[in-house]
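Coordinate analysis (summary)
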Amino acid sequence: MTSSQKSKKQELPPTAWAVLGLLSFPGERTGYELKKWADASLHFFYWSPAISQIYAELRRLEELGYAASARSGPEETRAKRRYAITDAGREALAGWAADTAEAGPPVLKHGLLLRIWLGHLAEPERLRAMVGEHLERTRGELAAVREAMEHASGVAEWSFPTLALRWSERQHLAELELAEALLTDLDALARSPRDAGRQAGGDAPTPG
């Protein structure tokens, strides 16, 4: 690997490593297939990159020598480019995956809670409705996680992705429990008198 390649390796974003990770499993895949697999796996515990991001990272990975591609033959009615990981790519990915310093802490960006935080500007029933919508969406996500787990069950190469999906199942169950508790909290708040300090324009509830 040249010094230029080493420099680029150090600058690779998580999306690039995620795409390379998808390629690390047996078989060759098109960008579209990688997107479908990301939606059915990475989406549940990390995020799913857009198809444009996937193709951009595939080009970057090819430039680095971490991935290789070939166009399909005349046997297919529509030509497709399939990608596979190279030995250099597998070595680089293994090194990145083993580097715990790069994992970083989990990041939570909960859109619903941001709106709850601003609940003094909303109608109580609208807040309850938003939590109800979140519950419904989470139940759908949980069903999708369980479907993915069933699909991966018994496939030796997918043992570790199955562990990640099992964690995601527990996380979604916890999210449902938290949302139900939030509804209870909203009901309790609705029954209590409004905070007089807030109505009078009191200071923000921060220490100091």
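If you're wondering where the values come from, they're calculated on a predicted model, not measured in any experiment. (Residues numbered from 1 in each chain as written. Predicted model: local features only at pLDDT ≥ 70, side-chain atom pairs only at ≥ 80, totals over all residues. Heavy atoms only, no water.)

All right, on to the overall build of the chain then. Counting its regular elements, the chain contains 9 helices and 2 strands. Listing each helix as α and each strand as β along the chain from the N terminus yields α-α-α-α-β-β-α-α-α-α-α. Counting only residues that meet the buried cut, the chain has 32% of its 208 residues in that class. Of all intrachain contacts in the chain linking residues separated by at least 6 positions in sequence, the fraction that spans at least 24 positions is 61%. Put simply, the chain shows about 14,000 Å² of open surface, and 56% of that area lies on carbon and sulfur atoms. (Helix = DSSP H or I, 4+ residues; strand = E, 2+ residues; numbered from the N terminus. Buried < 20%, exposed > 50% of the residue type's maximum accessible area, 1.4 Å probe, protein only. Contact = heavy atoms within 4.5 Å. Areas by Shrake-Rupley, 256 points an atom, 1.4 Å probe, with all protein chains shown as cover.)

What follows covers the nonpolar core. With 25 residues, the main nonpolar core has Trp17, Leu20, Leu23, Leu34, Leu58 and Tyr66 as its most contacted residues. Contributions of two or more residues to this core are made by α2 (14-23), α3 (31-39), α4 (51-64), β2 (81-85) and α5 (87-98). When residues in this core are grouped by element, the largest group, 7 residues, is from α2. One finds Val131, Leu135, Leu142 and Leu182 within the second-largest nonpolar core, a separate group that totals 12 residues. (Core = buried A, V, L, I, M, F, W, Y, C linked by side-chain atoms within 4.5 Å.)

Here the focus is the packing of aromatic side chains. Going through the model one piece at a time under the given rule, you end up with 5 aromatic pairs. Where Trp17 meets Trp96, the ring centres are 5.3 Å apart and the plane angle is 10°; that geometry is what we call stacked. Of this pair, Trp17 sits in helix α2 while Trp96 sits in helix α5, and the two are 79 residues apart along the sequence. Since its relative accessible area comes to 27%, Trp96 is described here as partly exposed. Seen from their ring centres, Tyr46 and Trp47 are 4.7 Å apart, and the 70° between their planes marks the pair as edge-to-face. A connected cluster of aromatic rings, assembled from ring pairs, spans Trp17, Tyr66 and Trp96. (Phe/Tyr/Trp six-rings, centres within 6.5 Å; stacked < 30°, edge-to-face > 60°.)

This paragraph deals with a nonpolar patch on the surface. On the surface, a cluster of nonpolar side chains totalling about 490 Å² of accessible area is made up of Leu114, Trp117, Leu118 and Leu121. Assignment of secondary structure puts Leu114 in helix α6 (residues 111-117). (Patch = residues over 30% accessible without salt bridge, like charges linked within 9 Å, V, L, I, M, F, W, Y side chains within 5 Å. Salt bridge = Lys/Arg side-chain N within 4 Å of Asp/Glu carboxyl O.)

For the rest of this paragraph, the subject is the confidence of the model for the chain. Taken as a whole, the chain shows an average pLDDT of 87; of its residues, 84% reach a score of 70 or greater. Across residues 196-200, confidence stays below pLDDT 50; counting only partners more than four residues off in sequence or on other chains, it has 3 contacts. (pLDDT = per-residue confidence, 0-100.)

Within the secondary structure, Thr30 sits in the loop between α2 and α3. Classification of Thr30 as buried rests on a relative accessible area of 8%.

Turning next to the environment of Ala38. Mapped onto the elements of the fold, Ala38 is located in helix α3. Each C-alpha atom of the pair Ala38 and Pro49 lies 7.5 Å from the other, and the pair is 11 residues apart in sequence. If we skip the residues at most four places from it in the chain, Ala38 touches Leu22, His43, Ser48 and Pro49.

Here we take up the layout of surface pockets. By volume, the largest pocket amounts to about 2,100 Å³. Considering the residues around the largest pocket, the lining is formed by 47 residues, among which Leu42, Phe44, Phe45, Tyr46 and Trp47 are closest to the centre. Of all elements in the fold, only α2, α5, α6, α7 (124-152) and α8 (159-191) reach the threshold of two or more residues within the lining of the largest pocket. Element by element, the count of residues in the lining of the largest pocket is highest for α8, at 9 residues. Residues belonging to the lining of the largest pocket are distributed by class as follows: 28 nonpolar, 13 polar and 6 charged. (1 Å grid on protein atoms, 1.4 Å probe; cavity = no way out; pocket = protein on both sides within 12 Å on 5 of 7 lines; lining within 4 Å. Points joined across faces, edges and corners; volume = space filled by probe spheres on them. Nonpolar A, V, L, I, M, F, W, Y, C, P; charged D, E, K, R; others polar.)

A few words on the side chain of His134. Mapped onto the secondary structure, His134 falls in helix α7. Of the residues examined, His134 reaches a relative accessible area of 10% and is grouped as buried. Residues contacting His134, with those up to four places away along its chain left out, are His110, Leu112, Glu175 and Ala179.

So, on to the environment of Met130. Position of Met130 among the secondary structure elements: in helix α7. With 18 residues separating them in the primary sequence, Met130 and Leu112 have C-alpha atoms 7.3 Å apart.

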